[in-house]
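As a plain string of letters, each chain reads:
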Amino acid sequence: MPASPGFWRRHQRRLAPALFLAPAVIMFLVFVIIPVIESLRLSLYDWDGLSTPRFIGLGNYVELFRDDPVFWTALRNNIYWLVAFLVSPALGLALALFLNQSGFGMRFVKSLYFMPFVISQVVVGLMFSWFFNADFGLLNHILEGLGLPPVALLENENTATFVIIAAGLWPQVAYCMILYLTGLTAINPELLEAARMEGVKGFKLLWHIVLPQLKPATSIALIVSVVGALRSFDLVSVMTDGGPYQSSTVLAYYMYEQTFGAFRIGYGAAIASCLFFLMDICIVIYLIRSLPRARGR
């Protein structure tokens, strides 16, 4: 009488996917889900990190939305970041189309455009800080050479945020460009040739043939741009420390200030929770708009 197959042989088709997914699921649970839940829990407490936490319910959120003008400034600045970063996929696509051609020295030109992507954000912040410095910055030397008065953009509360956003766009556009360059290599050349034979060219070729095949790259570029805009921190820290007068602060930096500067752990957790929900709302809106189109293909 033949022996019955072992447990693994009988269930390996069901168990193998779970075993392969288990390490990633555990890592995601430990380093993402549990910290998010703990942050939401801490936001309900008044705690300085040393004494016994005191439960205050929604008190931190009430103070945020009703009594804290800096929170609204940070939220407004994050919206500025988000709107500006949504332009980076279009700029990255334009650069990718320009660089996706053969010619003498094109590899060297590509390497110049790749540079912002591999440079640390801290280095980017220092470079732009020096460029816009009111005392010795290159910008004022250029303006002086043109006979124009000097400017202090980083010291002006009306312009500091937009200067930092410009610094952030430089590597973000480079990242989107890399995504689109990768996508352009996967385009079906037969479709392009057939369209050209039908007389399709220029913008019509781009809109009806190229862009539909770049949808995966576009999806990644949009999501990464949204996340990058809302988690902006290092450039603000390096270039202005949230100044002048906290006019250029963002939610991530304000959370850091309240948590590790003022030692208001619960208040910082409340700011982090608001940032988390804002990011979720943006991602969910994008998914709701994109999923029906993906099902219709």
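Please read these numbers as outputs of a predicted model, since none were measured by experiment.

**Side note on the pattern of salt bridges**
A full pass over the atoms with the stated rule returns four salt bridges. A salt bridge links D46 to R54, with the nearest nitrogen and oxygen atoms 3.0 Å apart. What makes D46 partly exposed here is its relative accessible area of 34%. Between R66 and D67 there is a salt bridge, and its shortest N-O distance comes to 3.4 Å.

**Re unusual backbone geometry**
Cis geometry marks the peptide bond from G243 to P244; its omega dihedral reads -5°. With respect to the helices, strands and loops of the structure, P244 is situated in the loop between α12 (234-239) and α13 (251-261). A positive phi angle, near 55°, is found at D241, a position not held by glycine. Within the fold, D241 resides in the loop between α12 and α13.

**Section: the side chain of N60**
Inspection of the secondary structure puts N60 in helix α2 (residues 59-67). Judged by relative accessible area, which is 3%, N60 ranks as buried. In this structure the side chain of N60 is engaged in a polar contact, spanning 2.9 Å, whose partner is the backbone oxygen of S43. Polar side-chain contacts of N60 include one of 3.5 Å to the backbone oxygen of G266. Beyond its immediate stretch of four places on either side in the chain, N60 contacts S43, Y45, R264, G266, Y267 and A270.

**Observations concerning the packing of α2 against helix α3 (residues 69-85)**
Each pair of packed helices can be described by the angle between their axes along with the distance between the axes. Orientation of α2 relative to α3, taken along the N-to-C sense of each, is 75°, at an axis distance of 6 Å. With respect to α3, the axis of α2 lies roughly perpendicular. Counting all contacts with α2, which are made through L64, F65 and D67, the residues of α3 involved are P69, F71 and W72. Tallied by class, residues from the contact of α2 with α3 come to five nonpolar, no polar and one charged.

**A closer look at the environment of V32**
Considering the arrangement of structural elements, one finds V32 in helix α1 (residues 7-42). When its relative accessible area of 34% is taken as the criterion, V32 is described as partly exposed. Between the C-alpha atom of V32 and that of V62, which follows or precedes it by 30 residues, the distance is 26 Å.

Rules used throughout
- Residues numbered from 1 in each chain as written.
- Predicted model: local features only at pLDDT ≥ 70, side-chain atom pairs only at ≥ 80, totals over all residues.
- Heavy atoms only, no water.
- Salt bridge = Lys/Arg side-chain N within 4 Å of Asp/Glu carboxyl O.
- Buried < 20%, exposed > 50% of the residue type's maximum accessible area, 1.4 Å probe, protein only.
- Helix = DSSP H or I, 4+ residues; strand = E, 2+ residues; numbered from the N terminus.
- Polar contact = N/O pair within 3.5 Å; in protein donor to acceptor, adjacent residues only side chain to side chain.
- Contact = heavy atoms within 4.5 Å.
- Axes fitted to C-alpha atoms, helices over the stretch in contact; angles between N-to-C directions.
- Parallel < 35°, antiparallel > 145°, perpendicular 65-115°, else oblique.
- Nonpolar A, V, L, I, M, F, W, Y, C, P; charged D, E, K, R; others polar.

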